[in-house]
Amino acid sequence: MYRIKALNKISPAGLSVLDQSRFAVSTDVENEDGILVRSADMHEYVFPENLRAIARAGAGTNNIPIDRCSEAGIAVFNTPGANANAVKELVICAMLLASRNVVGGAAWVKDQAAAGADVEKVVEKGKSQFVGPEIQGKTLGVVGLGAIGVQVANIATKLGMTVWGYDPFLSVDAALSLSRMVQRANDLETIYKNCDYITLHLPLNGDTRGMIDASALQMMKSGVRLINLARGGLVHDDDLLQALESGKVACYVTDFPNNKILTGRNVVAIPHLGASTPESEENCAVMAAQQLRDYLENGNIRNSVNLPALEQPWSGIARLCIIHRNIPGAIANITKVLSDDNVNVENMTNKSKKDYAYTVVDINAKIRDDVVDEIRALEGVLRVRLLSH
Ligand SMILES: NC(=O)C1=CN([C@@H]2O[C@H](COP(=O)(O)OP(=O)(O)OC[C@H]3O[C@@H](n4cnc5c(N)ncnc54)[C@H](O)[C@@H]3O)[C@@H](O)[C@H]2O)C=CC1
Ligand SMILES: O=C(O)CCC(=O)C(=O)O
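From a predicted model like this one, the values you see are computed outputs, not experimental measurements. (Residues numbered from 1 in each chain as written. Chains lettered and ligands numbered in written order. Predicted model: local features only at pLDDT ≥ 70, side-chain atom pairs only at ≥ 80, totals over all residues. Heavy atoms only, no water.)

## A few points about the side chain of Asn298
Move 1: Tracing the sequence through the fold places Asn298 in helix H11 (residues 278–298).
Move 2: Within the local environment of Asn298, its side chain forms a polar contact with the side chain of Asp294, the two groups lying 2.7 Å apart.
Move 3: In contact with Asn298, not counting residues within four places along its chain, are Arg293, Trp314, Arg319 and Leu387. (Helix = DSSP H or I, 4+ residues; strand = E, 2+ residues; numbered from the N terminus. Polar contact = N/O pair within 3.5 Å; in protein donor to acceptor, adjacent residues only side chain to side chain. Contact = heavy atoms within 4.5 Å.)

Have a look at this one:
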């Protein structure tokens, strides 16, 4: 029985992937084998000895200490694309909210009613203060052309916008999905200087933290509208507050409000609702649970952010799953331990991702615990699991 801890509310459709006869899922299980998580901050999380995998039902993994997981031989999964449509739809909404001051207008109407005014009369008099431009004919800059950015860029062309996209690491899949109407920018400056609307769709990491700072804002068009449904940390709050105050930024719509940014003028704050649709929550939960199950039961890896993709059909009665450093001699050392003990390898796959590698070995005979321990003790080996079929 595998023990799975859910650190956030996970859609029941996802939980149903984990058959109750083999998986015990709860919020308070101890020494868990796997974790299902959405946005819970895991940076201070103490890993129990048994923990083998963390599945993030969502895209961003900045809430998970990836390096610490890798060193502990814990696979981290996410669910690329599973919530992209939900975010795309909210970005369209955000662009309109950034333009038409629906939020300000709606609050004003309620205030009028509360103050005893005849609302039908005052709306016609007062509405001019909420005038805002159309998005058709304007220029949109999309920073990050992954699962979400591509969808946003493509649909914006259909809304009559001129669209620029920037992504220095554009994947082949994303390039193939991107509309030919979207112009590729070679640098951020092109986006900053040319766009009336800028929307962020890239991960928060050491390179991107605080990228929207005074120097970036200075390059932008006066009255630019900034949409951030990616992560709050991409923006330097103090610099943005100044730009809002001066009117350089006409509106900032964020899915990641904090107390500081909420003090700014023309800030539309959404409580992290980008992926909060039943469809997206279900997609993410199902995908995360399937990946977690396949890893725990079969050692297969799909959509891991710290380990290579590897899927091997079973061809023996037992399977060794070895996470190790990506160093010369690692595979030779493993096969030597096996051959010294007369263990015949039926099938074997090795894949690497940056500093880490993963080797799956199928064998058709029982293997002694001390042989597994010998592999565990090899230089660079981080985690060994023995699965049976
Ligand atoms: N508000 C919400 O509820 C949600 C927010 N997100 C956020 O949106 C981000 C993007 O999500 P997806 O599109 O699904 O991820 P993705 O991984 O498919 O796309 C991210 C893209 O950003 C690009 N990128 C990386 N560094 C870059 C840089 N320095 N400059 C420009 N592009 C760069 C990558 O090459 C990749 O194409 C996530 O990392 C997450 O932080 C994602 C889903 C829901
Ligand atoms: O689970 C959620 O609601 C957060 C989604 C998100 O931010 C992500 O997928 O990166």
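## Some points on the pattern of salt bridges
Move 1: In total, this model carries 17 salt bridges according to the counting rule given.
Move 2: Among the salt bridges present, the one from Glu281 reaches Arg38, with a minimum N-O distance of 3.3 Å. Placement of Glu281 in helix H11 and of Arg38 in the loop between strand E3 (34–37) and strand E4 (53–56) is noted, with a sequence separation of 243 residues between them.
Move 3: Overall, Glu281 belongs to the partly exposed group, its relative accessible area being 27%.
Move 4: The shortest N-O distance in the salt bridge between Arg302 and Asp294 comes to 3.2 Å.
Move 5: Residue class for Arg302 comes out partly exposed when judged on its relative accessible area of 29%.
Move 6: Here Asp294 falls in the buried class, since its relative accessible area comes to 13%. (Salt bridge = Lys/Arg side-chain N within 4 Å of Asp/Glu carboxyl O. Buried < 20%, exposed > 50% of the residue type's maximum accessible area, 1.4 Å probe, protein only.)

## Quick word on the site of ligand 1
Move 1: With respect to spatial proximity, 25 residues lie near ligand 1, and among them Ala147, Ile148, Asp167, Leu229 and Asp255 are the closest.
Move 2: Contact between ligand 1 and Ala230: an oxygen atom at 3.3 Å from a main-chain N or O atom of the residue.
Move 3: Between an oxygen atom of ligand 1 and a main-chain N or O atom of Ala275, the distance comes to 3.2 Å.
Move 4: Calculation on ligand 1 without its partners gives an accessible area of 860 Å², and the protein chains cover 84% of this total.
Move 5: Grouping the constituent residues of the shell around ligand 1 by class yields 14 nonpolar, eight polar and three charged. (Near = heavy atom within 4 Å. Areas by Shrake-Rupley, 256 points an atom, 1.4 Å probe, with all protein chains shown as cover. Nonpolar A, V, L, I, M, F, W, Y, C, P; charged D, E, K, R; others polar.)

## Topic: the pairing of strand E15 (residues 356–363)
Move 1: Among the eight residues that make up E15, eight are buried, leaving the element largely enclosed by the rest of the structure.
Move 2: Alignment of strand E13 (residues 318–325) against E15, held across eight bridges, turns out to be antiparallel. Following the sheet pairing, Arg319 is matched in E15 by Asp362.
Move 3: Where strand E14 (residues 345–353) meets E15, eight bridges bridge the pair, whose relative direction is antiparallel. By the bridge assignment for E15, Met348 is matched with Val361.
Move 4: Where E14 folds back on E15, the antiparallel hairpin that results is connected by two residues, among which Lys354 adopts a positive phi of roughly 50°. (Pairing = 2+ DSSP bridges.)

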